[in-house]
Structure formats: structure tokens, C-alpha cells
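The chain contents come next:
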Amino acid sequence: MFLQLHSMIPDSLVKFVFGAVTLLVLILKQTNEQKRQNLQLSLLVLLLAFHEDFKNIWKRRSFERPAVQMSSNNVVQMLYELCKETFSPGEADELPSQEAIQRLRALLDTVKPIDLGFDEAAIEEIEQHASRSFSRRVIRRRVPRRSGTGDRWATSVAYVHTPPVTYFHIYQCDSFSMGIFCLPKSAVIPLHDHRGMTVLSKFLYGSMHVTAYDWLDPVTNRDLISEHENSRPPGRPGLRLAELKSEAVLEAPCETSVLYPTTGGNIHSFTAVTSCAVLDILTPPYRDDPSYYRPYNGRENKRDVDDESTVWLEEVEKPDNFILRPRPYPGPVIDDT
């Protein structure tokens, strides 16, 4: 035990203690005032010398500490490297192989919020930031007034609550992009598409209501589309038929989901049941803004009651109450050298 302890103590410290104790004993025994002052000065010089020596030892030991190898433990770096290997720049528009998708899914399934810099304190801070940024917009519309009044028109006032969605950008190149969407409770990412993209989504925390559609293929669904053409609302040539693929509440942790250019729910919307977050990998990344849609007049007005999975979708402008606020990504930095 003594030998182990001695091996941990620098020799300079042993010498300092021995010299300091010796000088203290001499000072206490010395009766001559001049000699006492000389001994005290010697002790001060010894203390200063040890201080400098101790600083050098500490610096040397700090530099000798092994460097942290982030690439072996950094899940974000591992995701980046696997995406770089999977999505080649010249093949960004090609559909990734199922084997490659499964490798990415397996790695994404292991990702936790803390791997991305989202500990409990960070999540709470995001919530507070969203609540501070919360806005309530007032929409005024002219509506017909009931009969019996002087003016034919009245003003309808509607209060629209719009909790902002926070976006943390991680990485983007010509082949793929990585980012995190954080939604406070009741926030909505409206119905939008991912034209020509494959998207892997890892749900990180919280619960979220997801509605997803795919367009009905005009070749493979020719007969079905012909049947529905009779129900096309008049004066709406831009409507397209879509098939409801899923409508469910997802709760973290859950398996990574994948959507493809024409399957898997390429057109989807998110509504936060509780505060939640999702990590998205898109290949290729967005080159233009997405298109936004809404079910025409809602599903309750469809005439095809025997086919509840089919709905007309109408393209609309980006909803005014959808607010996306970028913030700096707090997690591990990707080394792309």
C-alpha cells in the first residue's frame, strides 16, 4: 500500500516537504533574529520554486492525457460516415438499396436524445424558448351577416395559436441532409411532400400524431382513378387523388420509419400531442421548398363512402401559422475532413 502511494507522488513533492519541514524546525529553534529572517527567506524561495515546478508537472500530465476518439463513440459522426458511404454525390437521385437502408435504420434505432446534445436541461430550455416565441395571430374575415340587420357583412375574428417549430441543422451536402425538428405541444407541421426523396425519421422523445398519404399511381391505379373522376369537385382541376397510408399516434422510443419517393407516406403532417422531436435524414436534400396540401373540404365530404382510404388533396400556399425557427445545433460536431 505504501509503495503504491509513493509511486503516485512526484519526487519533487517529497523533496519539497522534506526541505520545508527542515527549514521550519530550524526557524523555530533559531533565537538569532537575523538568522531567523534568513531562514524564512529560504523557505519563501523554496515555496516559489515548488510552485513553478508543480505548474509544469500539471501541464505535462494534462498534455499526456489520451485524446478522446470521437469517431468511435460519436453516433452522429457514425451516421454521417454511413450516409457518406451510402449516398454518393452522383447517385443522389437513385433509390438507395434496401440493404443500405436497413444499415442506416439499425444505427438510427440506437440514437438517443443525449447523443445529439439533448439532455433534460436542453429539452427544457427548448420548451421555454418555444413558449417565449409563442404567438397568437388574429385573422379577420368578412362573412355574411344574418338577415334583419342593416349591414349585409360582418367581421369574423378568429384567434389562431401558432407554437413555432424549432429546427436544428446538423449537416447538408449535395447527397443528403441531417436535421432535428422540435415541436412544442400542439405545434403542427402541415401536410407537405418530399418529391423524389427517401427520408429516414427517428422519433427521439414525446408523442406525435402522424397522418401520411401517397399519390395514387395513374398507371397501376387507372381503374380506381377513373371511378373517382366522377366525384371530382367542379372547378378544381388541380386536385389529385391520394391514398391514406397511416394515421396514428407515435410515442418514443419507436422504430425508425422510412418513406420513399412514391411509397411509405411521402406526403405527411405532424401534430405534437406532447412536446416531441424527430431526427430526419433526407436523400437528396430539399432543392426547392416543399409543396403543401390539404384534404379538399375534409374527408367527411367525400362521396366514395366505400373507400375511406382515398381522398382528394389540394395544393395550397405555405400556411401562415406554420413558423419554423432555426437554432444552433447543440450536439457533437461532425468532422467532414
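Quick caveat, the model's predicted, so the values are computed rather than measured. (Residues numbered from 1 in each chain as written. Predicted model: local features only at pLDDT ≥ 70, side-chain atom pairs only at ≥ 80, totals over all residues. Heavy atoms only, no water.)

Some remarks on the overall build of the protein chain
- Helix and strand counts for the protein chain come out as 8 helices and 14 strands.
- In the protein chain, buried positions account for 38% of the 337 residues.
- Considering only intrachain contacts with a sequence separation of at least 6, the fraction spanning at least 24 residues in the protein chain is 78%.
- Taken as a whole, the protein chain presents about 21,000 Å² of accessible surface, with 54% of it coming from carbon and sulfur. (Helix = DSSP H or I, 4+ residues; strand = E, 2+ residues; numbered from the N terminus. Buried < 20%, exposed > 50% of the residue type's maximum accessible area, 1.4 Å probe, protein only. Contact = heavy atoms within 4.5 Å. Areas by Shrake-Rupley, 256 points an atom, 1.4 Å probe, with all protein chains shown as cover.)

A word on the nonpolar core
- Core analysis: the biggest nonpolar cluster contains 34 residues, and L79, L116, I170, I180 and L279 have the highest contact counts within it.
- Going through the elements one at a time, α5 (75-86), α6 (98-108), α7 (120-132), β3 (165-172), β4 (177-183), β6 (198-205) and β11 (276-283) are the ones with two or more residues in this core.
- Contacts of L279, omitting those with residues within four sequence positions, involve L79, L108, V111, L116, I170, G179, I180, L200, S201, K202 and L204. (Core = buried A, V, L, I, M, F, W, Y, C linked by side-chain atoms within 4.5 Å.)

What to know about unusual backbone geometry
- Residue P253 is bonded to the preceding A252 through a cis peptide linkage, with omega at 0°.
- The residue P253 is located in the loop between β8 (240-251) and β9 (257-259) in this model.
- The residue after T283, namely P284, is reached through a cis peptide bond having omega -10°.
- Mapped onto the elements of the fold, P284 is located in the loop between β11 and β12 (292-295).
- Although it is not a glycine, S186 sits at a positive phi angle of roughly 80°.
- For S186, the position within the fold is in the loop between β4 and β5 (188-192).

Things to note about the side chain of S201
- Position of S201 relative to the elements: it lies in strand β6.
- A distance of 2.7 Å separates the side chain of S201 from the side chain of D280, its partner in a polar contact.
- The contact partners of S201, leaving out residues within four places of it in the chain, are T256, S257, V278, L279 and D280. (Polar contact = N/O pair within 3.5 Å; in protein donor to acceptor, adjacent residues only side chain to side chain.)

Some words on the sheet that holds β3
- The strand order across the open sheet formed by 6 strands is β9-β6-β11-β4-β3-β14, and the pairing between neighbours is mixed. With partners counted over all chains shown, the strands left at the sheet margins are β9 and β14 (324-327), one partner each. Shown here is a sheet whose adjacent strand axes are inclined to one another by a mean of 25°, direction ignored.
- The pairing of β6 with β11 spans 7 bridges and is antiparallel. Bridge assignment links V199 to a residue of β11, and that residue is L282.
- Contacts between α6 and the sheet are confined to β6, β9 and β11, with β6 contributing the most and set at about 15° to the helix. (Pairing = 2+ DSSP bridges. Axes fitted to C-alpha atoms, helices over the stretch in contact; angles between N-to-C directions.)

What about the environment of L324?
- Checked against the element boundaries, L324 lands in strand β14.
- Apart from residues no more than four positions distant in its own chain, L324 is found in contact with V165, Y167 and F181.

Focus on the pattern of salt bridges
- Under the definition given, this model contains 5 salt bridges.
- For R327, the salt bridge goes to E125, with nearest N and O atoms at 3.1 Å. Placement of the pair is R327 in strand β14 and E125 in helix α7, with a sequence separation of 202 residues.
- According to the relative accessible area criterion, E125 is partly exposed, its value standing at 30%.
- The shortest N-O distance in the salt bridge between R195 and D193 comes to 3.3 Å. (Salt bridge = Lys/Arg side-chain N within 4 Å of Asp/Glu carboxyl O.)

A short note on the packing of aromatic side chains
- Considering all chains together, one arrives at 8 aromatic pairs under this definition.
- Seen from their ring centres, F87 and F176 are 6.0 Å apart, and the 50° between their planes marks the pair as tilted. With F87 in the loop between α5 and α6 and F176 in the loop between β3 and β4, this residue pair connects regions lying 89 residues apart in the sequence. Comparing F87 with F176 shows no difference in burial state: the two are buried.
- Centroid distance F118 to F168: 5.2 Å. Interplanar angle 90°. Geometry classified as edge-to-face. Placement of F118 in the loop between α6 and α7 and of F168 in strand β3 is noted, with a sequence separation of 50 residues between them. Residues F118 and F168 agree in their burial class; the two are buried.
- A network of ring pairs unites the aromatic residues Y80, F87, Y171 and F176 as a single cluster. (Phe/Tyr/Trp six-rings, centres within 6.5 Å; stacked < 30°, edge-to-face > 60°.)

What about the side chain of T198?
- Mapped onto the secondary structure, T198 falls in strand β6.
- Judged by relative accessible area, which is 2%, T198 ranks as buried.

Brief notes about the pairing of β5
- By the criterion of burial, β5 is predominantly enclosed, with 4 of the 5 residues buried.
- Note: β5 against strand β10 (residues 267-272), 3 bridges, orientation antiparallel. The residue of β10 that forms the bridge with H192 is H268.

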